[in-house]
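# Structural description and commentary
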Amino acid sequence: MTINNANDINKLECRDKDYSVSVSGVAGLSLRIYPNGKKEYYLRYSHPHIEGKRPRMMLGKIEEISLHEVKYKAEAILNTVAKGSDPKAIQQKEQTNKYTHLKNATFSDIDPCRQIRIHKLGRF
């Protein structure tokens, strides 16, 4: 079975074990269905630098991203791979850089409203 539209996604049912269903239109794009009902989009692609490696990248949950958006996102990732870049490494680097400004921060730098809340509660 392949997924062609949103109605196909709604027809998918939970099983005892998680399973994947491919999404038509983009090579390597699939929807993974878990026993608890959670559904997530994944993209498998050939690693640009390591022969035979096919990493899997989570693109989002069905509640967060539409089928059309996930196809567009997957095509953009596959274009990045075609240019010789590893999108998973880029994603991990962006995630690391997201918190670098907090590396040497104090708690009051991270949560400036804390002092206001403490003062309002009379614990100051």
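Shown above is the structure to which this text applies.
An account of the accompanying structure is given in this report. Please read these numbers as outputs of a predicted model, since none were measured by experiment.

This brings us to the packing of aromatic side chains. For the structure shown, the criterion picks out zero aromatic pairs. If you follow R15 out to its NZ or CZ, it ends over the ring of Y19, 3.8 Å from the centre. The ring of Y42 carries R56 above its face, with NZ or CZ at 4.2 Å from the centroid.

Ordered by their spatial adjacency, five strands build an open sheet running β1-β2-β3-β4-β5, and the pairing between neighbours is mixed. The outermost strands of the open sheet, each flanked by one partner alone, are β1 (2-3) and β5 (56-61). When strand β2 (residues 19-23) meets strand β3 (residues 29-33), the two strands line up antiparallel, connected through four bridges. The residue bridging V21 from the neighbouring strand is L31, located in β3.

Bringing the pairing of β2 into the picture now. In terms of strand pairing, β1 meets β2 through two bridges, oriented parallel. Looking at the pairing, I3 lines up with V23 of β2. For the crossover from β1 across helix α1 (residues 6-11) to β2, the handedness is right-handed. In sequence, β2 turns back onto β3 through a hairpin of five residues, with G25 there showing a positive phi of about 105°.

What follows covers the pattern of salt bridges. For the structure shown, the criterion picks out two salt bridges. The shortest N-O distance in the salt bridge between R32 and D18 comes to 2.8 Å. With R32 in strand β3 and D18 in the loop between α1 and β2, the pair connects residues that are 14 residues apart, well separated along the chain. A salt bridge links E40 to K38; the shortest N-O distance between them is 3.7 Å. For K38, a relative accessible area of 33% translates into the label partly exposed.

Right, let's get into the environment of E69. For E69, the position within the fold is in helix α2 (residues 67-82). Along the sequence, E69 and L59 sit 10 residues apart, while their C-alpha atoms lie 10.0 Å from each other.

So, on to α2. For α2, built from 16 residues, the straight-helix expectation of 22 Å at 1.5 Å per residue is met to within 8% by its first-to-last C-alpha distance of 22 Å. All buried positions along α2 are accounted for by L67, V70, A74, I77 and V81. With its buried residues spanning 85° around the axis, α2 presents them on a single face. Of the exposed residues in α2, those oriented more than 90 degrees away from the buried face are H68, Y72 and A82. Positive backbone phi, at 100°, marks G84, one or two positions downstream of α2.

In summary, the side chains of a regular strand alternate between the two faces of the sheet. Within strand β4 (residues 39-44), five of the six residues are buried, leaving the element largely enclosed by the surrounding structure. The pairing of β3 with β4 spans five bridges and is classified as antiparallel. Residue pairing for β4: R32 is matched across the bridge by E40. Hairpin remark: β3 followed by β4, antiparallel, with five residues in the connecting loop; positive phi at G37, about 100°. Alignment of β4 against β5, held across five bridges, turns out to be antiparallel. Bridge assignment links R44 to a residue of β5, and that residue is R56.

Reading the values: rules and limits
- Counting starts from 1 at the beginning of each chain's written sequence and moves along it residue by residue.
- For a predicted model such as this one, the threshold for reporting local features is a pLDDT of at least 70, and the threshold for listing and counting side-chain atom pairs is 80 or more; totals across whole chains, interfaces and linings nevertheless cover every residue.
- In computing side-chain values, all of the structure's heavy atoms are included and hydrogens and water are not.
- Pairing of aromatic rings covers Phe, Tyr and Trp, the last through its six-membered ring, and needs centres within 6.5 Å; plane angles under 30 degrees mean stacked, over 60 mean edge-to-face, and all others mean tilted.
- Charge-over-ring contacts are defined here by two conditions on Lys NZ or Arg CZ: a distance within 6 Å of the ring centre and an angle within 35 degrees of the ring normal.
- Note: two strands are recorded as paired if DSSP finds a minimum of 2 bridges between them.
- Each helix is a run of DSSP H or I of at least 4 residues and each strand a run of E of at least 2, with the numbering of both proceeding from the N terminus.
- Crossovers are described as right-handed under a simple rule: with the strands pointing away from the observer, the path leading from the first strand over the helix to the second runs clockwise.
- Throughout this description, the term salt bridge denotes a Lys or Arg side-chain nitrogen within 4 Å of a carboxyl oxygen of Asp or Glu.
- Whether a residue is buried, partly exposed or exposed follows from its accessible area with a 1.4 Å probe, protein chains only, as a fraction of its type maximum: under 20%, in between, or over 50%, in that order.
- Expected span of a helix, by definition, is 1.5 Å for each gap between consecutive residues, and there is one gap fewer than residues.
- Directions pointing from the helix axis toward each C-beta atom define the arc.

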